[in-house]
Amino acid sequence: MPVPVVPYSEVDVLVIGAGPAGLMCANALANARVNVRVVDKRAVKVAAGQADGISPRTIESYGIAERLIRESVQVHQAAFYNPSSSGGIELTSRAPDVTAPSARYPFEVALHQGAIESIFLDSMTALGVEVERSTVPTSIEISKDENELMDSASHPVRVTLQRLDVPEGQPQEEIVHAKYVVGTDGAHSWVRKQFDIAMEGEQSEFIWGVLDMVPDTDFPDVRNKSLVHSNHGSVLLVPREQDRIRVYMQLEDKDIINPATGRVDKERMGPEEMLDVARRSLYPYKLIPTTGILWWTLYIIGQRVASRFSIKNRVFIAGDACHTHSPKAGQGMNASMNDAHNLAWKIALLVRGWAEPSLLSTYESERRKYALDLISFDKMFSTLFSGKPLTEENSHGVAPEHFMKTFQKFGGFTSGIGVHYNPSVAVSDRNQEVASGLVIGERFPPYKFIRAADAWPFEIQDLLPSDFRFKLLVFTGDFSDPLQQARVKSMVANIQKPESFLNRYATPGKNSGNPRFDIITISKGQKEGFDLLQFPTLLRSHWSKVFIDDTDFTSSFGGRGYLYYGVGPEGALVAVRPDGYIGAIAPLDHVEELDAYFASFMKISA
Ligand SMILES: Cc1cc2nc3c(=O)[nH]c(=O)nc-3n(C[C@H](O)[C@H](O)[C@H](O)COP(=O)(O)OP(=O)(O)OC[C@H]3O[C@@H](n4cnc5c(N)ncnc54)[C@H](O)[C@@H]3O)c2cc1C
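Residues numbered from 1 in each chain as written. Predicted model: local features only at pLDDT ≥ 70, side-chain atom pairs only at ≥ 80, totals over all residues. Heavy atoms only, no water.

The name recorded for the chain in an unreviewed UniProt entry is FAD binding domain-containing protein, from Suillus placidus. On record in UniProt, under Sequence similarities (unreviewed entry), the comment for the chain is "Belongs to the PheA/TfdB FAD monooxygenase family." (UniProt positions renumbered as here; feature names shortened; annotations may be inferred.)

Encoded structure:
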């Protein structure tokens with residue numbers, strides 16, 4: 001019989017694993033018109049269960065808010081229950097579920113992972129990218145040739161893929177040569193293991209029981225997130241779409257570990273046993289699944305972070321492949337998607353030949369620090385959540401007030417709004433005082449401005465989509481003031497010099513605007529007398545690019561944006577990265593500060 005020839009192909013980026021991280025990555029790259037393939041060992045996508053919480057920062061980031069909000073439930077309130085004197089539990093307090101005042105969407109949404117994945121899958125289909133299912137990698141090698149590794153046009157990663165579902169006689173294997181490989185293959189990542197990347201942290205595993213159901217219950221807070229501390233254990237309830245709820249409970253080793261083998265024995269704990277555990281904690285309230293248990297799992301997880309997130313800036317791991325933690329903080333899917341986008345825009349710039357490899361190193365420095373912070377938070381919060389409640393018999397237990405205060409104190413972190421990236425080539429920490437309300441290294445906060453051409457109020461975040469372009473926000477101050485007008489015109493003259501970043505990094509042959517930068521002008525002034533044609537053409541490349549810091553016609557919002565962002569009458573230049581984070585700030589008369597920022601990682605087009 002003839003031996004089938006092993007097909008050979010090249011691709012810019014191969015993504016291994018099509019969970020939330022892999023799909024976010026593949027979709028972002030496809031949107032950036034990068035040649036991307038994504039493979040997954042599963043024959044079909046996740047249909048139910050697994051992660052379900054989306055935090056405020058994720059909602060506001062990726063242009064997915066509208067569909068998310070349509071399909072999910074919003075979680076606005078958290079309720080805290082503790083032991084009562086009569087032997088059951090009682091409500092001790094209620095508080096906002098999210099404590100992050102600058103969040104555009106100050107709530108979480110809950111929706112099953114499969115539905116969230118569908119948002120990305122639909123977007124990818126429209127861009128001609130499909131997940132190649134029933135496909136696993138069997139070998140991966142990176143070239144040892146330093147010249148090849150430094151050449152951004154080379155394909156130095158060789159991966160053998162195996163198809164698990166091809167008819168006999170057809171080639172099962174394919175050799176793929178990729179410029180970059182992203183391992184988003186979950187907590188047991190094959191990619192991570194191939195490069196012997198250690199998972200650092202606690203070696204002990206925690207076992208969570210998880211149930212989805214439509215409940216019949218008299219528990220008053222069933223439509224709030226409820227954090228229940230009882231003398232029989234702790235339970236977390238999360239409201240879900242279609243009248244469902246999610247019930248989480250941390251299980252004790254004695255209930256689930258087989259003493260003979262020392263290993264988890266799933267025979268010892270099924271959904272009925274879990275339901276009993278939840279019911280004991282919720283007593284005196286009843287909990288009856290009306291249409292059976294819709295999904296359940298035993299979710300076994302340690303609190304660990306990978307020692308490295310990248311190998312030679314050519315192979316990367318993201319999502320659960322590089323950090324695992326409990327589901328309590330609701331961060332699994334959020335952290336994974338945010339890792340993936342942080343990496344995707346950087347890879348897209350490299351593939352286009354627009355950036356130096358130093359930019360890629362910031363993926364690990366930014367996201368590993370975040371992952372370490374997440375694990376520290378998870379350890380502290382888990383200990384409080386799983387600890388015995390404070391009672392007369394247990395004076396060392398967790399006080400309800402302390403638990404609720406901790407939940408609120410870390411709202412900035414769990415909401416994703418307070419994520420902060422340290423200085424690097426992608427974050428310049430100079431000139432913070434020029435816009436004191438815009439924290440360098442943090443996401444650009446939402447605010448509404450009035451579009452000069454038609455007085456249409458616009459949310460600024462909608463002008464900063466998560467893509468692969470840098471946005472340059474020009475706060476001109478009051479252009480009707482002759483002194484300020486002169487300052488703005490001088491800035492424009494400087495930015496148009498051949499050696500300024502705008503011209504240095506222009507793409508030859510592209511005459512319709514600059515594909516790397518989008519310039520948005522925000523002026524002081526009143527809509528009634530405003531003349532946008534007075535601005536130099538650089539600041540109004542299109543009529544839709546000029547905004548005024550003024551109120552809307554009902555005077556219900558707007559008009560205080562300069563104040564909120566801490567920008568004075570002399571104006572400011574703000575460079576916002578493709579992921580919506582503030583990369584650099586400069587005074588109008590120091591354009592060279594932005595030249596230096598972009599020169600630290602940007603490349604002149606060949
Ligand atoms: C069974 C299970 C139950 C979970 N329950 C909860 C929960 O109740 N609450 C919660 O918050 N989080 C839960 N999680 C975690 C949550 O799903 C993740 O935090 C989140 O999905 C992270 O996304 P990810 O893309 O990094 O990883 P994953 O969602 O794990 O996606 C990894 C993908 O890679 C694929 N893959 C794995 N190995 C290979 C390979 N060798 N080749 C090709 N493809 C591969 C997998 O099929 C999968 O599609 C659960 C995870 C699992 C696996």
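A.B. asks: Can you help me understand helix 11 (residues 400–409) in this one?
C.D. replies: Among all positions in helix 11, only F403, M404, T406 and F407 are buried. Each buried residue of helix 11 lies within a common arc of 160 degrees when the element is viewed along its axis, so the set occupies one face. Next to the buried residues of helix 11 lie strand 5 (77–83), strand 6 (89–96), strand 15 (225–230), helix 10 (358–386) and helix 12 (411–414). (Buried < 20%, exposed > 50% of the residue type's maximum accessible area, 1.4 Å probe, protein only. Helix = DSSP H or I, 4+ residues; strand = E, 2+ residues; numbered from the N terminus. Arc of directions from axis to C-beta. Contact = heavy atoms within 4.5 Å.)

A.B. asks: Before we go on, may I ask you to explain the pairing of strand 13 (residues 206–213) in this structure?
C.D. replies: Burial runs high along strand 13: seven of the eight residues are buried. Sheet topology places strand 13 next to strand 21 (residues 295–301); seven bridges connect them, and they run antiparallel. Following the sheet pairing, G209 is matched in strand 21 by L298. Where strand 13 lies against strand 17 (residues 245–251), seven bridges are found, and the strand directions are antiparallel. When the sheet's bridge partners are listed, M213 is paired in strand 17 with I245. (Pairing = 2+ DSSP bridges.)

A.B. asks: How do you make sense of unusual backbone geometry when you look at a structure like this?
C.D. replies: Glycine aside, negative phi is the norm for most residues, and most peptide bonds take the trans geometry. A cis amide bond links Y283 with the next residue in sequence, P284, at an omega value of 15 degrees. Locating P284 in the fold gives a position in the loop between helix 8 (271–282) and strand 20 (287–289). Here D243, not a glycine, exhibits a phi torsion of approximately 65 degrees, which is positive. Inspection of the secondary structure assignment puts D243 in the loop between strand 16 (233–239) and strand 17.

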